[in-house]
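# Tertiary structure, described
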Amino acid sequence: MTENLSNKTIVIVGAGPGFGRTLALQAAAQGATVVVAARTESRVVEIAEEVRAAGGSAIAAAVDATDPESVRALRETVEGHTDAVHGLVYSAFAVPSMKPLAQTDHDQISLGIDLSVLGALRTTQEFTPLLEAGAAPATGAAPATGAVPATGTAAGSAAAADSATGAAPASASVVMMASAVIHHSRERYAGYKIAKTALVALGHSLATELGPRGIRVNTVAPGYIYGETLKAYFEHLATKYGGTVDDVYAHTAEKMDLRRLPSEREIVDPVLFLLSDAASAVTGQTLTVDCGEFHT
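Residues numbered from 1 in each chain as written. Predicted model: local features only at pLDDT ≥ 70, side-chain atom pairs only at ≥ 80, totals over all residues. Heavy atoms only, no water.

### Describing the overall build of the chain
Under the convention used in this document: Numbering of helices and strands runs from the N terminus, with a helix taken as a DSSP run of H or I at least four residues long and a strand as a DSSP run of E at least two residues long. Only protein chains enter the calculation, and the probe is 1.4 Å; a residue is then buried if its accessible area is under 20% of its type maximum, exposed if over 50%, and partly exposed in between. Any two residues having at least one pair of non-hydrogen atoms within 4.5 Å are treated as being in contact. We get accessible surface area from the Shrake-Rupley algorithm with a probe of 1.4 Å; when it comes to residues, only the shown protein chains can shield them.
Check the secondary structure of the chain and you find nine helices and seven strands. Counting every position in the chain, which comprises 296 residues, the buried fraction comes to 46%. Put simply, of all contacts in the chain between residues at least 6 apart along the chain, 73% involve residues at least 24 apart. Of the roughly 14100 Å² of accessible surface on the chain, a fraction of 53% belongs to carbon and sulfur atoms.

As C-alpha cells, this is what we get:
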C-alpha cells in the first residue's frame, strides 16, 4: 500500500456508489481519513463501513450541497473530528435534462448550476479555513481565517525555504469534477455543458484567490466512465436497438484514441494525484481523462 495521503483528511462531497466509493476506498488505502458525504445518508454510511472493513478510517455524513445550512452542518461535523482538511473533492451530480436548449426549461438549467457550480462554491467557501489549516506548515500555526499570507510572512518564508531546498511546500487541494462535455456542443448536452463549463471557470478563479493561502484548485473532466451505471445504460441501448453490450461498447470506443473507455479507477487515480503532494505545483488546471476522445 502506497501511503501518498498518509495523515491527511479528505472530504468527498457527492460520494456515490461508483466514482465516489472507489475514490473513498483508494484514498483510505493511501492512508487518508475520508469523509464521505452525499444527500443519501444510507449510501455514505455503507461506503464508510466498507472503508473501515478494509482497514481504513472513514466518517459518513449527509449533505445537501444546494442548502447552505446543510453544508455548514457538514463542516461542523468535520470540525468535530479534525482541525484541518487537506483535500476536498466536489463531485455532486444530478442527471441533466438531455434536451436541446429550445426544449429545456430554465428551471432545469438553474438547478444544474445551483448543484454543480454554486454547490461547489458553497462547499469551498465553508471549508476554506480548514483547508488553510491543512496547508499550514506542520511546525507552524495555521494562518488566521480570512488572512492572505503576504510576501515576508511566516507562510511565505516557509514556502521560500522549502523552494530553496527543493522540498514541496505544504498545500491543500480542492478537486472539482467537471466533464468532457466542456469540449463539445452536442445539442442534447447543452444544459449540462453550461453548468460544467461554469464549474471550470469557478475553479480557475478560486485557484487565483486561494493560491496565496496554500490551497490548490483543479478540475478533472472525465469522459465516459465504464462502471455499473454505464454498463446498465449500454444494456438498455442494446435491448432498444438490437445487438449486444459489446457491440455498443465497441461503437462508443471507436471515438477514443485508445479504443476503450476509462474505468472508475482510471478516473480516480488522477484525482488522487491532484490531492497528493506530488501535485504540489499544479493549480488552476483542467485535466481531461477520456482515453483520447478529445485533445485539449
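### A look at the environment of Pro 17
With respect to the secondary-structure elements, Pro 17 resides in the loop between strand 1 (9-13) and helix 1 (19-29). Overall, the relative accessible area of 55% leaves Pro 17 in the exposed class. Through-space distance from the C-alpha of Pro 17 to that of Thr 229 is 9.4 Å; in sequence the pair is 212 residues apart.

### Topic: the side chain of Lys 196
Test applied: Polar contact criterion, stated in full: a pair of N or O atoms within 3.5 Å, where within protein one must be able to donate a hydrogen and the other to accept it, and residues adjacent in sequence count only if both atoms are side-chain atoms.
The topology assignment puts Lys 196 in helix 6 (residues 190-210). A distance of 2.9 Å separates the side chain of Lys 196 from the backbone oxygen of Met 177, its partner in a polar contact. The residues contacting Lys 196, other than those within four sequence positions of it, are Ala 92, Ser 116, Met 177, Ala 178, Ser 179, Val 181 and Ile 182.

### Observations regarding helix 8 (residues 245-253)
Stated precisely, the cut-off is as follows: Each direction from the helix axis to a C-beta atom contributes to the arc, which is the arc of those directions.
Those residues of helix 8 that fall on the buried side of the exposure criterion are Val 248, Tyr 249, Thr 252 and Ala 253. All buried residues of helix 8 lie within an arc of 125 degrees about the axis, which places them on one face of the element. Opposite the buried face of helix 8, at more than 90 degrees from it, the exposed residues are Asp 246 and His 251. In this fold, the buried residues of helix 8 make contact with helix 7 (228-241).

### Things to note about the sheet that holds strand 6 (residues 215-222)
Here is the rule we go by: When DSSP finds two or more bridges between a pair of strands, those strands are recorded as paired. An axis is simply a line fitted to the C-alpha atoms; with a helix, the fit covers only the stretch in contact. Between two such axes, the angle follows the N-to-C directions and lies from 0 to 180 degrees.
If you trace the seven strands from one edge of the open sheet to the other, you get 3-2-1-4-5-6-7, paired in parallel fashion. This sheet does not close on itself; its edge strands, each paired only once, are strand 3 (57-62) and strand 7 (286-289). Between one strand axis and the next, the sheet turns by 20 degrees as a mean value, whatever way the strands run. Helix 9 (residues 264-275) contacts strand 1, strand 4 (87-90), strand 5 (172-177), strand 6 and strand 7 of the sheet and is inclined by roughly 150 degrees relative to strand 5.

### So, the packing of helix 3 (residues 68-79) against helix 4 (residues 106-135)
Rules: Should an angle lie under 35 degrees it is considered roughly parallel, over 145 roughly antiparallel, and from 65 to 115 roughly perpendicular; all remaining angles are considered oblique. Note on convention: near helix rotated counterclockwise from far helix by under a right angle means a left-handed crossing. Clockwise means right-handed. Residue classes follow a fixed rule: Ala, Val, Leu, Ile, Met, Phe, Trp, Tyr, Cys and Pro count as nonpolar, while Asp, Glu, Lys and Arg count as charged, and any other residue, Gly among them, counts as polar.
At a minimum axis distance of 9 Å, the contact between helix 3 and helix 4 shows a crossing angle of 25 degrees. By the criterion of interaxial angle, the relationship of helix 3 to helix 4 is roughly parallel. Crossing hand, helix 3 versus helix 4: right-handed. Along the contact surface, helix 3 presents Pro 68, Val 71, Arg 72, Leu 74, Arg 75, Val 78 and Glu 79, while helix 4 presents Arg 122, Thr 123, Glu 126, Phe 127 and Leu 130. Its residues assigned to classes, the contact of helix 3 with helix 4 shows six nonpolar, one polar and five charged.

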